Amino acid sequence: MAPNAVITGWGMYAPSRVMTNEELSTMVDTSDEWIVSRTGIRERRIAADDENTTSLSVHAARDALAVAGVDASAVDLVIVATCSPDYPLPATSVTVASALGATRAAGFDLQAACSGFLYALATANGFIRSGMYRNVLVIGVEILSRFLNWSDRSTCVLFGDGAGAVLVSASDQPGGLMGWDLFSDGTGCEGIIVRAGGSDRPASAETVAGGLHYIQMAGSEVYKYATRQMSDSAVAALRAAGLGVEVVDQFVFHQANLRIIKSVEKQFAIPEEKVFVNIEKYGNTSAASVPMALVEAIAAGRIKPGDKVLMVAFGAGYTAGAAVMEWTADPARAFLAPGEQTRLGMPRVAEPELAVAG
């Protein structure tokens, strides 16, 4: 019988630099009231000059491995979901694996924009259920602040930097990842786009002068599409898992816009306490959004063993993804993480038996 794929470790990292709405209002024509009323965002994190996508990933991944009690040498595969890699090549996954000491791990990057983490999670599930691998490290990470035009109010207020990671492991026990929906619609490719820097428009003095290396977005069209597609993907994943929306204990939506989250919440009549929201602190961190929200939901005591959790995201492409899982890990294992952010909201002292758990 095929093994189940379960999340055994989790971690996150957000850069220390906080950019508030008030600070943004000194850079572009906006205000705290304008941003909060339209997005729900109050602040976001900005990577330091000496940080890159690899370093953010490593912080989150070290926490995930520590929580799982698994040494980096036991990792079979590293998947980094990002649309802001360190280089066009090589893949960021290989520099992350090297920094962690995951010397026997395969690695590749996956680009599905804000849906990337759920695409990577589905990929990890396939490798594990096939029997090919037993431990797959999945990282969602972005440094989108380096792709923003800070004079464009329609985009610069939305995005932030961060990383989230989970270790997905093979298990003979029940639970774990249960149902999926992955979606794409290339007719929406113009909705959220960086027009230059690829093979279609290689970097040149002209593309730089034209600001074509910045994120451009058709906000109202994206909002309408995202609201509908996140609902559709959620229903499809629940159907694949054989579950109804009423049995879900915690919803972890992509933190792109609070109004989108509230719209989906209202459509399904979901109690507010079942929907985790942290967009006010981080903004839209793209592929890092769902894993960062998952980590904070665990730390806040919102997820416990036996709970059914639904994760949904929507991103450029257009892409969308949803995943349903039955949570199996002890949330108190977060005590084992070296990073304080993963332990957010948790007591500082670990239980003795957890400190030596394998």
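Residues numbered from 1 in each chain as written. Predicted model: local features only at pLDDT ≥ 70, side-chain atom pairs only at ≥ 80, totals over all residues. Heavy atoms only, no water.

Looking now at the packing of helix α8 (residues 219-241) against helix α9 (residues 258-267). Close contact between α8 and α9 brings their axes to 10 Å; oriented N to C, the two are set at 40 degrees. By the angle between their directions, the pair α8 and α9 is classed as oblique. You can see that α8 and α9 cross each other, and the crossing is right-handed. Across from Tyr223, Ala226, Thr227, Met230 and Ser231 in α8, the residues of α9 making contact are Arg259, Ile260, Ser263, Val264 and Gln267. Class assignment for the residues of the contact of α8 with α9 results in five nonpolar, four polar and one charged. (Axes fitted to C-alpha atoms, helices over the stretch in contact; angles between N-to-C directions. Helix = DSSP H or I, 4+ residues; strand = E, 2+ residues; numbered from the N terminus. Parallel < 35°, antiparallel > 145°, perpendicular 65-115°, else oblique. Left-handed = near helix turned anticlockwise from the far one by under 90°. Contact = heavy atoms within 4.5 Å. Nonpolar A, V, L, I, M, F, W, Y, C, P; charged D, E, K, R; others polar.)

When the pLDDT values of the chain are averaged, the result is 95; 96% of them are 70 or greater. Least confident of the elements in the chain is helix α12 (residues 352-355), whose mean pLDDT is 41; most confident is strand β4 (residues 77-81), at 99. Low pLDDT (under 50) marks residues 348-358, which in the prediction has 16 contacts with non-local residues, meaning those over four places away or in another chain. (pLDDT = per-residue confidence, 0-100.)

The amide bond that connects Leu89 to the next residue, Pro90, takes the cis arrangement and shows omega of 5 degrees. Within the fold, Pro90 resides in the loop between β4 and α4 (92-100). In this model, Gly317 is joined to Tyr318 through a cis peptide bond whose omega is -5 degrees. The phi dihedral of Ser286 is positive, around 55 degrees, even though this residue is not glycine. Checked against the element boundaries, Ser286 lands in the loop between α10 (279-282) and α11 (289-299). By relative accessible area, Ser286 is classed as buried at 1%. (Buried < 20%, exposed > 50% of the residue type's maximum accessible area, 1.4 Å probe, protein only.)

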